[in-house]
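Architecture at a glance
So the chains spell out like this:
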Amino acid sequence: MFDYLVVGCGLSGTTCARLLAEKGKQVLIIDKRDHLAGNTYDSYDEHGILVHNYGPHVFHTVYKDVWDFLSRFTGWRDYEHRVLAYVRGKLVPMPINVDTVNTLYGTGYDESSIAGFYESVREKDIEIKNARDMVVSKIGQELYELFFRGYTLKQWDIDPQDLDSEVTARIPVRYNRDDRYFTDPYQGMPENGYTAMVEKMLDHPNISILLNTDFKAVRDRVEYARLIFTGPIDYFFDYRFGRLPYRSLWFQFETHEMEYYQPAGTVNYPNDYDFTRITEFKHLTGQQSTVTTIMKEYPASQGEPYYPIPRKENRDLYNQYAQEAARLNHVWFTGRLGKYKYANMDIVVKDAMDLVTCLE
Ligand code: FAD
Ligand code: UDP
């Protein structure tokens, strides 16, 4: 008899399992996949390059407690992610900063004059209701069209006007020359990768692991007192209110006989090609090799549920499931899929830490 069954070996399930085990609970954690670490899973490809199998993952957070918790299981490679956007035939810093504007327009703004430029182009007196408004209220229609409209349409297949403002609010506008993608005080890459970190998190005498195991195949065969579910909440309830929409991706890996393929970890292609971005893993991991592996991300409507889609009708549907969940005893939902929340890694770890604090 286990005290807890945790469904999902991603960062949210793994955090719950570890903290419960440290509280003396006997935990069984399962995953339907054949590996640990959920969407942060990384592995060596046939060319010996460490790749992220489900898309590029860069850790960053403002939460010291999250950073300290994960630091118990990994050292960190100092890494600050940089992204370039391919726009009008040039590679320019993204998020948009002083240098982006100057390179694009041949202007000479500096940190004291750029505000005047943004002020002259931005849409004023606009109530921010959606992902387009969020951008044009800061940088106006032209930069929105060059950097955001095409990318967002590709990524979500939804007009930005029909997406929540939180989607594009993830990308700031910079009044300086800072070309880092994230400015959080804690950022880096787990020094031996995410899978190695997760293996350590689950290395505890009170934790048992079962892979290749779907929840519904074992729910009546395993004895457990309490359940934490980090898979899709609509699946748990057999889609009784309808399916929650997710955006998916497929990934194209290419290995090239060269030291580096591109000048930054990620290059975004808002207006060209069917893929959204190319990531070159060696920039992230610091691995040395004479060859390099890149990944192109192609958005897709079918496939693994990578992205909850932030818009009102989906939130309303999720709330129906959340109300159903609240009626259950001894069952909790967390994680990006359990809460249907467009959350970064640090947030799912934070949510899991908070959840376990409340559990006995
Ligand atoms: P998951 O990692 O999805 O884990 C859930 C697990 O549950 C999965 O392994 C799944 O197989 C399992 N499962 C589901 N249903 C069942 C079932 N019925 N039975 C058994 N097992 C089941 N965040 C960042 O902070 N930085 C980044 O750079 C970043 N980049 C990203 C890039 C991409 C392309 C994507 C898609 C996400 C990115 N994220 C990033 C977000 C990050 O992946 C998530 O925040 C985090 O991995 C979510 O962890 P989780 O445990 O909630 O979910
Ligand atoms: N976005 C964009 N252009 C870019 C980068 C991002 O329009 O060059 C928008 C797009 O809608 C994207 C969202 O901002 O889905 C969030 O971007 P982020 O890089 O955070 O996406 P993620 O890494 O989560 O896929």
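The shown structure was predicted, so the numbers you read here are calculated from the model rather than taken from an experiment.

A closer look at the layout of surface pockets
If a probe as big as a water molecule is rolled over the atoms, it shows which places are left empty. Computed from the structure, the second largest pocket encloses a volume of approximately 160 Å³. By residue number, the principal contributor to the lining of the second largest pocket is strand β12 (residues 246-256), which donates three residues.

Structural notes on the site of ligand 1
Contacts to ligand 1 come from 34 residues, most closely from S12, D31, H57, V58 and A343. Between ligand 1 and N39, the relevant distance is 2.9 Å, taken from an oxygen atom to a main-chain nitrogen or oxygen of the residue. Contact with the protein chains removes 96% of the 1000 Å² of surface that ligand 1 exposes when unbound. Examining the composition of the shell around ligand 1, we find that three residues originate from one element, helix α12 (residues 335-338), more than from any other. Tallied by class, residues from the shell around ligand 1 come to 15 nonpolar, 13 polar and six charged.

Digging into the sheet that holds strand β2 (residues 27-30)
Two orientations exist for strands paired in a sheet by backbone hydrogen bonds: parallel and antiparallel. Pairing within the open sheet is parallel, and its five strands lie in the order β10-β2-β1-β11-β17. The open sheet has two edge strands with one neighbour each: β10 (207-210) and β17 (331-333). The average undirected angle you get between the axes of adjacent strands in this sheet is 20°. Sheet topology places strand β11 (residues 224-229) next to β17; three bridges connect them, and they run parallel. Each bridged residue has a counterpart across the sheet, and for I228 the counterpart in β17 is W332. In this fold helix α1 (residues 11-22) packs onto β1 (2-7), β2, β10 and β11, with an angle of close to 170° to the strand it touches most, β2.

What counts and what doesn't
- Residues numbered from 1 in each chain as written.
- Chains lettered and ligands numbered in written order.
- Predicted model: local features only at pLDDT ≥ 70, side-chain atom pairs only at ≥ 80, totals over all residues.
- Heavy atoms only, no water.
- 1 Å grid on protein atoms, 1.4 Å probe; cavity = no way out; pocket = protein on both sides within 12 Å on 5 of 7 lines; lining within 4 Å.
- Points joined across faces, edges and corners; volume = space filled by probe spheres on them.
- Helix = DSSP H or I, 4+ residues; strand = E, 2+ residues; numbered from the N terminus.
- Near = heavy atom within 4 Å.
- Polar contact = N/O pair within 3.5 Å; in protein donor to acceptor, adjacent residues only side chain to side chain.
- Areas by Shrake-Rupley, 256 points an atom, 1.4 Å probe, with all protein chains shown as cover.
- Nonpolar A, V, L, I, M, F, W, Y, C, P; charged D, E, K, R; others polar.
- Pairing = 2+ DSSP bridges.
- Axes fitted to C-alpha atoms, helices over the stretch in contact; angles between N-to-C directions.
- Contact = heavy atoms within 4.5 Å.

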